[in-house]
Amino acid sequence: MLPLARDHPLSLSLASSVLSHPSSPPLHCSSISGDLTGGLVYLTINPPPSHPYSFRGWKVVVGGHGIGNDLDLSSGFGHGRRPVFVRFAESAVLVAAGVDDDGTVSCETFWDEIGANPEGVTVQRIVDALVGLLERGSKADAEFSRKKWEVCRTFEALIKRDGLLSPDVDVAAGINGEVAQYIEDIESGRDVERPGWLLEPTPGVFTFPLFSKAFCERLVALLDAFEKTDLPRRRPNTMNNYGLILNEIGLGSFSHSLLDRVVAPLSRKLFERETFATSLDHTHTFTVEYEVGKDTGLDMHHDASEVTLNVCLGKDFRGGGLRFCGSFGSADYRKNRLTVAHERGRAVLHLGRVRHAAADVEGGERVNLIVWARSSAFRAAAAYGHIKPDGYPKEKEGEVDLICLSKANDADYEERIRGGPRVKKARLDK
């Protein structure tokens, strides 16, 4: 397992310093809080008025392992001066040089300003370096960030009464009571058996009731309201032509609450043997829509995530099950396992490396909420060779089922379809 922030001395020291001076936030910082249990510091940075990124406050999380868990290890990441982990929490809105897609601060000038000696690292020094990082950014990046932020702000103004858009949103109210109690039990360290409603139809794939019908309808109504506006939007990925990225329409806090309340605690318990189980810290959260005459299904693939949560929100539909094959890197990667039927409010939680596809809907319209949960620490360590990437080392592939082939993703698709080696035909059920 990757070590937690609460086991990192510098993270604990920074959190402690914040808690000892709660009424004295650093310069250019409008809010600050420390969490000794988690070993984290939460900041909201407000650059000065003349600053290109001064149009809003920027939430930042400081603390933890990954890039910078100690000086010896951090030198393996291409730069030897990263004694603590620093990440912008709202990466979907921020565009800036030296900030990765997940919000991780990777700018070498920033780390030069922080310094290599942990004893010299202070919260004020981190804040000053962050303000400097943004100030050095291009006007084009700052303007793009402003436009993305204004989309969220404009939509929130149109839908004034919906608390799902609140920065303080908590998804707990919409979660099934038994699920909420189970999560509370396992987070409290109670020794509880796996409940009967939590099913594992195939290894690495779990299903359970998550949202009420009313909560699903409320979220769908909010998504429909955005679709009716003329606000700019990006589609969720290269595979889906319909759906929305939640962080880019004002639902970033909702996405993070879903990670904290559901995905992360369940992953720590259900996937406890996985290296990344304790360190899921950010998401790409989006919706997908399937309807006859539009996108009807989705080709076989595995996700760009460590763990995926897939929740059916409705609407009324027929067919369109979630078909699972093996795991990336395993001998049975393209071996058929089973198809899980979607039900409104019911969730499927699975490892991102498990190959799957959305069977075609036969009628009506289906909307699903997808959370790709990721670990910054795991990805950083894997990128620089400290641990194996997810799905490696690969096993020699065995028998292949036609149903598990992907026209878009498999280089040998045509050969296999024509009857290549070890291909087993399977019924393309829906």
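About the criteria used
Residues numbered from 1 in each chain as written. Predicted model: local features only at pLDDT ≥ 70, side-chain atom pairs only at ≥ 80, totals over all residues. Heavy atoms only, no water. Axes fitted to C-alpha atoms, helices over the stretch in contact; angles between N-to-C directions. Helix = DSSP H or I, 4+ residues; strand = E, 2+ residues; numbered from the N terminus. Parallel < 35°, antiparallel > 145°, perpendicular 65-115°, else oblique. Left-handed = near helix turned anticlockwise from the far one by under 90°. Contact = heavy atoms within 4.5 Å. Nonpolar A, V, L, I, M, F, W, Y, C, P; charged D, E, K, R; others polar. Buried < 20%, exposed > 50% of the residue type's maximum accessible area, 1.4 Å probe, protein only. Salt bridge = Lys/Arg side-chain N within 4 Å of Asp/Glu carboxyl O. Pairing = 2+ DSSP bridges. Disulfide = S-S within 2.5 Å.

Draft legend 1. Structural detail: the packing of helix α6 (residues 177-187) against helix α8 (residues 252-270). One way to put it is that α6 packs onto α8 with a least axis distance of 10 Å and a crossing angle of 55°. Classified by the interaxial angle, the pair formed by α6 and α8 is oblique. Crossing handedness for the pair α6 and α8: left-handed. Residue-level contacts link Y182, I183, I186 and E187 of α6 to R261, V262, P265, L266, R268, K269 and L270 of α8. Tallied by class, residues from the contact of α6 with α8 come to seven nonpolar, no polar and four charged.

Draft legend 2. Region of interest: unusual backbone geometry. At the junction of G314 and K315, the peptide bond is cis and its omega measures out at 0° in the coordinates. Looking at where K315 falls in the secondary structure, it is placed in the loop between β9 (307-314) and β10 (317-319). Note the cis peptide between Y392 and P393, where omega equals -5°. Of note, P393 is situated in the loop between α9 (376-383) and β16 (400-401). At H28, a residue that is not glycine, the phi angle is positive and equals roughly 70°. Among the secondary structure elements, H28 is positioned in the loop between α1 (9-20) and β1 (29-35). For H28, a relative accessible area of 27% translates into the label partly exposed.

Draft legend 3. The arrangement of the pattern of salt bridges in detail. Inspection of the entire model under this criterion finds 27 salt bridges. With its nearest N and O atoms 2.4 Å apart, the salt bridge here joins R234 to E248. Within this pair, whereas R234 is found in the loop between α7 (213-227) and α8, its partner E248 is found in the loop between α7 and α8, the two being separated by 14 residues in sequence. When its relative accessible area of 49% is taken as the criterion, R234 is described as partly exposed. Here K294 and E291 are joined by a salt bridge, their closest N and O atoms 3.6 Å apart. Classification of K294 as partly exposed rests on a relative accessible area of 44%. According to the relative accessible area criterion, E291 is partly exposed, its value standing at 24%.

Draft legend 4. Looking closely at the pairing of strand β6 (residues 205-209). The element β6 is extensively covered by neighbouring structure, given that four of its five residues are classed as buried. For strand β5 (residues 199-202) and β6, the ladder comprises two bridges, and the chain directions are antiparallel. Each bridged residue has a counterpart across the sheet, and for T202 the counterpart in β6 is V205. In this antiparallel pair of consecutive strands, β5 and β6, the connection spans two residues, and G204 shows a positive phi of 85°. Strand direction decides the pairing type here: β6 and strand β13 (residues 346-351), joined by five bridges, are antiparallel. For F208, the partnering residue across the bridge sits in β13 and is A347.

Draft legend 5. Main features of the state of the cysteines. Scanning the model with the defined rule gives one disulfide in all. In this model, C325 is linked to C404 through a disulfide, with the two sulfur atoms separated by 1.9 Å. Residues C325 and C404 share a disulfide whose torsion about the S-S bond is about -90°; that sign makes it left-handed. Residue C325 is located in strand β11 (residues 322-327), and its partner C404 is located in the loop between β16 and α10 (413-417); the two are separated by 79 residues in the primary sequence. Residue C325 is classed as buried on the basis of its relative accessible area, which comes to 0%. The thiol of C107 is not disulfide-bonded; the next cysteine sulfur, from C29, is found 20 Å away. Looking at the unpaired C216, the closest cysteine sulfur is the one in C312, lying at 7.3 Å. C216 gets classed as buried once you look at its relative accessible area, which sits at 0%.

Read these as layout, nothing more, since geometry by itself doesn't imply function.
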